[in-house]
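Overview (structure and organization)
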Amino acid sequence: MQKTVNILNKRAKFDYEILEKYTAGIVLTGTEIKSIRLGKAGIAESFCEFHNGELFVINSHIEEYLYGTHYNHKAKSERKLLLNKKELKSLEKSLQNKGLTIIPLRLFTNEKGLAKLDIALCRGKKTFDKRETIKDRDNKRDLDRIKKSH
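All of the points below concern the structure found in this document. Fair warning: this is a prediction, and the values are worked out from it, not measured in the lab.

Some thoughts on the side chain of Ser60
Note that Ser60 resides in the loop between strand S5 (54-58) and strand S6 (61-62). Engagement of the side chain of Ser60 in a polar contact is seen with the side chain of Arg79, the distance being 3.1 Å. Ignoring anything within four residues of it in the chain, the contact list for Ser60 reads Gly42, Ile43, Ser46, Ala75, Lys76, Ser77 and Arg79.

Structural notes on unusual backbone geometry
Of note, the phi angle at Asn52 is positive, near 55 degrees, even though the residue is not glycine. Within the secondary structure layout, Asn52 lies in the loop between strand S4 (47-51) and S5. When its relative accessible area of 82% is taken as the criterion, Asn52 is described as exposed.

Looking at the environment of Glu32
Along the chain, the position of Glu32 falls in helix H2 (residues 30-37). According to the relative accessible area criterion, Glu32 is buried, its value standing at 5%. The spacing of Glu32 and Tyr65 is 33 residues in sequence and 7.0 Å in space, taken between C-alpha atoms. Once residues lying within four places of it in the same chain are set aside, the contact partners of Glu32 are Val27, Ile62, His73, Ser77 and Arg79. For Glu32, the side chain forms a polar contact with the main-chain nitrogen of Thr29, separated by 2.8 Å.

Focus on the environment of Asn6
Structurally, Asn6 is set in strand S1 (residues 6-8). For the pair Asn6 and Asp138, spaced 132 residues apart in the sequence, the C-alpha separation amounts to 26 Å. When near neighbours in sequence (up to four residues on either side) are disregarded, Asn6 contacts Arg106, Leu107 and Phe108. Within polar-contact distance, the side chain of Asn6 engages the side chain of Arg106 at 3.4 Å.

The rules behind these values
Residues numbered from 1 in each chain as written. Predicted model: local features only at pLDDT ≥ 70, side-chain atom pairs only at ≥ 80, totals over all residues. Heavy atoms only, no water. Helix = DSSP H or I, 4+ residues; strand = E, 2+ residues; numbered from the N terminus. Polar contact = N/O pair within 3.5 Å; in protein donor to acceptor, adjacent residues only side chain to side chain. Contact = heavy atoms within 4.5 Å. Buried < 20%, exposed > 50% of the residue type's maximum accessible area, 1.4 Å probe, protein only.

Structural data, given as structure tokens:
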């Protein structure tokens, strides 16, 4: 039984309004998947771009594998994402709208041990939207506290 890895992008829900979610596979080398299975990866400052009709995740950080040889991978490089053709076309078409971007939300391994990436089509939040989110979260916490005490 393999341990599942679950690496989150905690800032994504705070900085962006999520419109659509997708689950994509990632093209990785052997040392990259070994580092991910050890939990040595981060997607906090990464984003996705299209190059020649293919989707790539950019600025994702996967640490070099500790026991790797000279065939080890680079820590930060572009990694190709695998989606259906229909999903790629709809994402590319929706990116034509101003202010939309694709952000990785979660990097995880499934039950077969394959690395997957949850990505989302997002719109950036303004400062007042972020304040509203904080206010809603505080109100919900206070309500839960009151309900629990009664």
